[in-house]
Amino acid sequence: MKQNARWYSERLGEEVSVVRWGTYGMPVLLFPTAGGDAEEIERFHVIGALKPLLDSGAIKVYSCDSVAGQRLVSGQGTVADRCRMQDRFHEFVRHEIVPAIRTDCRSPEIEIVTAGSSIGAFHALAVLCRYPDVFAQAICLSGTYDLTRFLKGEPTADFYRASPLHFLPGLEGPHLDAIRRRFVILASGEGRAEAIGESWHAAHVLGSKGIPNRVDSWGAEWHHDWPTWRAMLPQYLGAAVASAVPRGTAAAGDHPGS
């Protein structure tokens, strides 16, 4: 079952689309690639690849417009504007998307798996590191994790607050302890347009702070493209479902969404 929603976000200053596929199961927030919208993953047949998990009631998938990514790749606004949007996009996810997912799942505390490809992987990693109270695991595919080269200018404090490679090295205390109870998958091919070095760099930053993670290389025959991600994501989400430990209200995520 597919359901569309659209609302105006004061944080982002524009309307944003959010789409859900599936009726039951573990909630998954799947970010588009840099310039993608909420339905990109359906057009590129990722939803089709996830159909067995969706049809079996193992997962429900949510996606939203990549507002921050669109600003970044288009060069719209000043450097400060683009940095601010990275930060506000994550706040939008935490304070607007997450409550909507929890309402849809009829569970006010249900934890969410986050995932994405390319710059979508950056957002998946970032929201887990910023909000480990909400996100249980990040599945990051062919990730681009250092976005400074896209800014075309000097990063601001907003950008550093949004970028895990930049804020994690100085992070200590209860927030870091909470991230250490989470897990990050960093998967990448090594074929055309892939840059697995980005995943190894992210793994080094995570590992240096004691955050559990794993780099998976799929080899040179896998390229930075949708066929790779359609193969990867069902495998990792299937493993996440299999390893999920039922707890308290988590079963509430199995109720149909409204």
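Please refer to the structure placed before this passage.
What this report covers is the structure whose coordinates are included nearby. What you see is a predicted model; the values in this text were computed from it and never measured. (Residues numbered from 1 in each chain as written. Predicted model: local features only at pLDDT ≥ 70, side-chain atom pairs only at ≥ 80, totals over all residues. Heavy atoms only, no water.)

This part takes up unusual backbone geometry. One non-glycine residue, Ser142, lies in positive phi territory at about 50°. Within the element layout of this structure, Ser142 appears in the loop between strand S6 (135-141) and helix H7 (148-151). On the basis of relative accessibility, which here comes to 2%, the residue Ser142 falls in the buried class. In this structure, Ala193 is a non-glycine residue whose phi angle is positive, near 70°. Of note, Ala193 is situated in the loop between strand S7 (183-188) and helix H11 (196-208). (Helix = DSSP H or I, 4+ residues; strand = E, 2+ residues; numbered from the N terminus. Buried < 20%, exposed > 50% of the residue type's maximum accessible area, 1.4 Å probe, protein only.)

Using the criterion set out here, one finds eight aromatic pairs in the structure. Residues Phe44 and Trp226 carry aromatic rings whose centres are separated by 4.6 Å and whose planes lie at 10° to one another, so their mutual orientation is stacked. Here Trp226 lies in helix H12 (residues 226-243) and Phe44 lies in the loop between helix H1 (40-43) and helix H2 (46-49), a separation of 182 residues in the sequence. Its relative accessible area of 11% is what places Trp226 among the buried residues. Taken together, a centroid distance of 5.2 Å and an interplanar angle of 85° make the contact between Trp218 and Trp222 edge-to-face. Given the relative accessible area of 17%, Trp218 is considered buried. Aromatic ring contacts, followed pair by pair, group Trp7, Phe31, Phe89 and Phe92 into a single cluster. (Phe/Tyr/Trp six-rings, centres within 6.5 Å; stacked < 30°, edge-to-face > 60°.)

A word on the side chain of Asp87. Secondary-structure assignment places Asp87 in helix H5 (residues 79-105). Within polar-contact distance, the side chain of Asp87 engages the side chain of Arg161 at 3.3 Å. (Polar contact = N/O pair within 3.5 Å; in protein donor to acceptor, adjacent residues only side chain to side chain.)

Here we come to the environment of Thr228. Residue position: Thr228 is located in helix H12. Since its relative accessible area comes to 3%, Thr228 is described here as buried. As for Thr228 and Gly189, which are separated by 39 residues in sequence, their C-alpha atoms are 7.6 Å apart. For Thr228, the side chain forms a polar contact with the main-chain oxygen of His223, separated by 2.6 Å.

Moving on, we get to the packing of H5 against helix H6 (residues 119-130). Their axes nearest at 11 Å, the elements H5 and H6 cross at an angle of 65°. As judged from the angle between their axes, H5 and H6 are roughly perpendicular. Crossing of H5 against H6: the hand is right-handed. Residue-level inspection shows Gln86, Asp87, Phe89, His90 and Val93 of H5 in contact with H6, the latter providing Phe122, His123, Ala126, Val127 and Arg130. Of the residues in the contact of H5 with H6, the class split is five nonpolar, three polar and two charged. (Axes fitted to C-alpha atoms, helices over the stretch in contact; angles between N-to-C directions. Parallel < 35°, antiparallel > 145°, perpendicular 65-115°, else oblique. Left-handed = near helix turned anticlockwise from the far one by under 90°. Contact = heavy atoms within 4.5 Å. Nonpolar A, V, L, I, M, F, W, Y, C, P; charged D, E, K, R; others polar.)

This part is about the sheet that holds strand S1 (residues 2-9). Ordered in space as S1-S2-S4-S3-S5-S6-S7-S8, the eight strands form an open sheet in which the pairing is mixed. The open sheet has two free edges, formed respectively by S1 and strand S8 (213-217), since each of these has just one partner strand. Taken over all neighbouring pairs, the strand axes of this sheet differ in orientation by 20° on average, direction set aside. Bridge count for S1 against strand S2 (residues 14-21) is eight bridges, and the pairing is antiparallel. Each bridged residue has a counterpart across the sheet, and for Gln3 the counterpart in S2 is Arg20. The sheet contacts of H5 involve S1, S2, strand S3 (26-31), strand S4 (59-64), strand S5 (112-117) and S6, and relative to S4 the element is tilted by about 145°. (Pairing = 2+ DSSP bridges.)

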